[in-house]
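The primary structure of each chain is shown beneath.
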Amino acid sequence: PGEICTHDHDGYVDQHLGLDPVLVARLIPAMRAEIEAIQSARGTLSDAEKARLAAAEESLTQRVMQVHSDWATKLLPVKGVPVVTHHNAFPRAAERYGFRIAAVVRPFETSDPSPKEIADTVQVIRSENVPAIFIEPQFNPGAAKRIAQAAGITIGSLDPLGDGDWFKMMDGNLAQLIEHLTPKAK
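Residues numbered from 1 in each chain as written. Predicted model: local features only at pLDDT ≥ 70, side-chain atom pairs only at ≥ 80, totals over all residues. Heavy atoms only, no water.

A.B. asks: Explain the environment of Phe 90 to me, please; I cannot follow it from the model alone.
C.D. replies: With respect to the helices and strands, Phe 90 occurs in the loop between β1 (82-87) and α3 (91-97). In the structure, Phe 90 is positioned 73 residues away from Leu 17 in sequence and 9.4 Å away in space, judged by C-alpha atoms. Setting aside its immediate chain neighbours within four residues, Phe 90 contacts Leu 19, Thr 85, Phe 99, Ile 101, Glu 136, Leu 158, Asp 159, Pro 160 and Asn 173. (Helix = DSSP H or I, 4+ residues; strand = E, 2+ residues; numbered from the N terminus. Contact = heavy atoms within 4.5 Å.)

Quick look at the structure:
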């Protein structure tokens with residue numbers, strides 16, 4: 001019950017735990033414990049440092065849980081909306097916040113989609129009324145752009161890595177989901 005499952009029954013290991021704020025919040029106490037263990041081994045863990053680390057843990061946990069709250073609240077109107085992602089980085093976020101991944105352009109990060117996979121993705125987009133495909137800044141967007149053009153949908157951007165500022169990355173990803181999944185007034 002307390003474990004964080006990182007794989008499914010097909011052997012896939014999900015390395016994208018940082019895209020789920022609830023899991024991130026659950027990892028914070030372990031990070032604090034490691035910092036305390038290192039400082040203790042170095043002889044630098046004072047009572048004042050313990051108090052500082054406890055306050056930092058509490059503050060960080062609150063900030064992370066605010067991200068969770070923002071995602072849960074702001075994505076509620078798009079619950080069940082299907083999306084296509086560039087690679088399989090967002091299944092945890094989709095499951096937690098209710099959007100649905102209808103297809104993935106790159107099932108494996110190291111391979112480009114074949115023409116048949118591109119055609120199949122276009123078919124999924126049409127049959128499921130997918131409003132957007134999300135590219136990632138780490139990948140060549142060529143295949144995703146061809147798919148979007150063939151299917152007549154918009155392109156958004158989801159970043160599973162960011163630039164080192166987790167909060168900025170998560171806020172940017174949320175803004176992209178809202179922008180591209182919320183129905184436009186006609």
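A.B. asks: What am I meant to see in the packing of aromatic side chains here?
C.D. replies: The description of an aromatic ring pair uses the distance of the two centres, along with the angle that the planes make with each other. By the definition in use, this model includes 2 aromatic pairs. Taken together, a centroid distance of 5.3 Å and an interplanar angle of 50° make the contact between Trp 71 and Tyr 97 tilted. Residue Trp 71 is found in helix α2 (residues 47-74), and its partner Tyr 97 is found in helix α3; the two are separated by 26 residues along the sequence. Like Trp 71, the residue Tyr 97 is buried in the burial classification. Where Trp 166 meets Phe 167, the ring centres are 5.0 Å apart and the plane angle is 85°; that geometry is what we call edge-to-face. With a relative accessible area of 15%, Phe 167 lands in the buried category. Over the face of the ring belonging to Phe 167 we find Arg 63, whose NZ or CZ atom lies 3.7 Å from the ring centre. (Phe/Tyr/Trp six-rings, centres within 6.5 Å; stacked < 30°, edge-to-face > 60°. Buried < 20%, exposed > 50% of the residue type's maximum accessible area, 1.4 Å probe, protein only. Lys NZ or Arg CZ within 6 Å of the ring centre and 35° of its normal.)

A.B. asks: Would you take a moment to explain the sheet that holds strand β3 (residues 132-135) for this structure?
C.D. replies: Backbone-to-backbone hydrogen bonds pair the strands of a sheet. The strands run either parallel or antiparallel. Ordered by their spatial adjacency, 4 strands build an open sheet running β2-β1-β3-β4, and the pairing between neighbours is parallel. Single-partner strands in this sheet number two, and they are β2 (100-106) and β4 (154-157). Ignoring which end each strand starts from, the neighbouring axes of this sheet average 30° apart. In the sheet, β1 pairs with β2 via 5 bridges, with the strands oriented parallel. Looking at β2, one finds that Thr 85 is bridged to Val 104. Packed on one face of the sheet, helix α4 (residues 115-128) meets β1 and β2 and runs near 160° to β2. (Pairing = 2+ DSSP bridges. Axes fitted to C-alpha atoms, helices over the stretch in contact; angles between N-to-C directions.)

A.B. asks: Help me understand helix α5 (residues 142-151) in this model?
C.D. replies: Residue pairs three or four apart in sequence face the same way in an α-helix, which turns once every 3.6 residues. Those residues of α5 that fall on the buried side of the exposure criterion are Ala 143, Ala 144, Ile 147, Ala 148 and Ala 151. The buried residues of α5 occupy one face: seen down the axis, they fall within an arc of 135°. Phi turns positive, to about 70°, at Gly 152, one or two residues after α5. (Arc of directions from axis to C-beta.)

A.B. asks: What is the right way to read the packing of α4 against α5 from this model?
C.D. replies: Two measures define how a pair of helices packs: the angle their axes make with one another and the distance between the axes. The geometry of α4 relative to α5 is characterised by a closest axis approach of 9 Å and an angle of 45° between their N-to-C directions. In terms of orientation, α4 and α5 fall into the oblique class. The handedness of the crossing between α4 and α5 comes out as right-handed. Contacts from Ile 118, Thr 121, Val 122, Ile 125 and Arg 126 of α4 reach α5 at Ala 143, Arg 146, Ile 147, Ala 150 and Ala 151. For the contact of α4 with α5, the per-class residue count stands at 7 nonpolar, 1 polar and 2 charged. (Parallel < 35°, antiparallel > 145°, perpendicular 65-115°, else oblique. Left-handed = near helix turned anticlockwise from the far one by under 90°. Nonpolar A, V, L, I, M, F, W, Y, C, P; charged D, E, K, R; others polar.)

A.B. asks: Please explain the nonpolar core as it appears in this structure.
C.D. replies: One recurring pattern in soluble globular proteins: nonpolar side chains tend to sit buried together. Residues Trp 71, Leu 75, Phe 99, Trp 166, Leu 177 and Leu 181 are the most contacted members of the largest nonpolar core, which totals 27 residues. Of all the elements in the fold, those that place two or more residues in this core are α1 (21-42), α2, α3, β3 and α6 (166-181). Examining the composition of this core, we find that 7 residues originate from one element, α6, more than from any other. Residue contacts for Trp 166: discarding those within four places in its chain leaves Gly 18, Pro 21, Val 24, Val 64 and Val 67. Formed by 16 residues, the second largest nonpolar core is a distinct cluster that contains Ile 135, Ala 143, Ala 144 and Ile 153. (Core = buried A, V, L, I, M, F, W, Y, C linked by side-chain atoms within 4.5 Å.)

A.B. asks: I'm lost on the environment of Phe 134 in this one. Help?
C.D. replies: Along the polypeptide, Phe 134 turns up in strand β3. Of the residues examined, Phe 134 reaches a relative accessible area of 0% and is grouped as buried. Separated by 24 residues in the primary sequence, Phe 134 and Leu 158 place their C-alpha atoms 5.9 Å from one another. Ignoring anything within four residues of it in the chain, the contact list for Phe 134 reads Val 83, Val 84, Thr 85, His 86, Gly 156, Ser 157, Leu 158, Gln 176, Leu 177, His 180 and Leu 181.

Taken by themselves, the reported measurements are silent on function.
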